Amino acid sequence: MIAPEHESQAEVTREDQNEINRFARLLNERIETERTLKMRRDLVKLHEDAVEELVLVDDDEPVQHVVGDVFFFSPKSEVESSIEQQKEKLDAEVSKLSSELETIQSEMATIKSRLYAKFGKSINLDEDPE
């Protein structure tokens, strides 16, 4: 509960409520984007590890790799090429998601500063620590 001396007497207008709702949607979007970004970065790391493991394989030895739910034996060069293509796609996704995350955080900061300027301590836009 907020102490009476910290309460602001500002009236909540329709525009204020729209901004509060927008902030909440952006918060959910940011959380989901962060989760997706972490998963993509983990996949990039797995692809990098796979490329490092392929260095240990002889050039003429077939390599088993997965396509969808099926494992195939393919030449090492083909597998390396496939992994590199997948890694490039993931790198592009990571870059796009990072850019989206920056945009979301920037908009959230703008909304947060406007709302705190109007309502002071009577509004809490900070996340609860988990």
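Calculation criteria
Residues numbered from 1 in each chain as written. Predicted model: local features only at pLDDT ≥ 70, side-chain atom pairs only at ≥ 80, totals over all residues. Heavy atoms only, no water. Pairing = 2+ DSSP bridges. Helix = DSSP H or I, 4+ residues; strand = E, 2+ residues; numbered from the N terminus. Contact = heavy atoms within 4.5 Å. Patch = residues over 30% accessible without salt bridge, like charges linked within 9 Å, V, L, I, M, F, W, Y side chains within 5 Å. Areas by Shrake-Rupley, 256 points an atom, 1.4 Å probe, with all protein chains shown as cover. Salt bridge = Lys/Arg side-chain N within 4 Å of Asp/Glu carboxyl O. Buried < 20%, exposed > 50% of the residue type's maximum accessible area, 1.4 Å probe, protein only. Axes fitted to C-alpha atoms, helices over the stretch in contact; angles between N-to-C directions. Parallel < 35°, antiparallel > 145°, perpendicular 65-115°, else oblique. Left-handed = near helix turned anticlockwise from the far one by under 90°. Nonpolar A, V, L, I, M, F, W, Y, C, P; charged D, E, K, R; others polar. Expected span 1.5 Å × (residues − 1). pLDDT = per-residue confidence, 0-100. 1 Å grid on protein atoms, 1.4 Å probe; cavity = no way out; pocket = protein on both sides within 12 Å on 5 of 7 lines; lining within 4 Å. Points joined across faces, edges and corners; volume = space filled by probe spheres on them.

Student: How would you explain the pairing of strand β1 (residues 63–67) if you had to name every residue and give the values?
Tutor: Relative to strand β2 (residues 70–74), β1 is paired through 5 bridges, and the arrangement is antiparallel. When the sheet's bridge partners are listed, valine 66 is paired in β2 with phenylalanine 71. The antiparallel pairing of β1 with β2 creates a hairpin that spans 2 residues between the two strands, and glycine 68 there sits at a positive phi of about 70 degrees.

Student: Describe in detail the side chain of threonine 33, supporting the description with residues and values.
Tutor: Here threonine 33 lies in helix α1 (residues 14–54). When sequence neighbours within four positions are dropped, the list of residues in contact with threonine 33 reads Leu97, Leu101 and Ile104.

Student: Outline a nonpolar patch on the surface, listing residues and values.
Tutor: A contiguous nonpolar patch, built from Val67, Val70 and Phe72 and spanning about 250 Å² of accessible area, is present on the exposed surface. Mapping valine 67 onto the fold places it in strand β1. Residue valine 67 is classed as partly exposed on the basis of its relative accessible area, which comes to 44%.

Student: An account of the packing of α1 against helix α2 (residues 76–119) is needed here, citing residue identities and associated values.
Tutor: It is the contact of α1 with α2, at a shortest axis distance of 7 Å, that shows an interaxial angle of 155 degrees. The angle between α1 and α2 falls in the class roughly antiparallel. Where α1 crosses over α2, the two elements pack in a sense that is left-handed. Considered class by class, the residues forming the contact of α1 with α2 number 21 nonpolar, 6 polar and 19 charged.

Student: Provide a residue-level description of α2, including the pertinent values.
Tutor: Helix length check: α2 (44 residues) gives 62 Å between terminal C-alpha atoms against 64 Å at 1.5 Å per residue, within 8%. Directly after α2, the chain includes glycine 120, whose backbone phi takes a positive value near 60 degrees.

Student: Which residues make up the confidence of the model for the chain, and what are the values?
Tutor: Of all residues in the chain, 91% attain a pLDDT of 70 or more, and the chain-wide mean is 89. The secondary structure element of the chain with the lowest average pLDDT is β1, at 85, and the one with the highest is α1, at 95.

Student: Which residues make up the layout of surface pockets, and what are the values?
Tutor: In this structure, the largest pocket encloses a volume near 220 Å³. Taken together, 13 residues make up the lining of the largest pocket; nearest its centre are Ala50, His65, Val66, Val79 and Ile83. Sort the elements by how many residues they give to the lining of the largest pocket and α1 lands first, with 5 residues. Across the lining of the largest pocket, the residue classes break down as 7 nonpolar, 5 polar and 1 charged.

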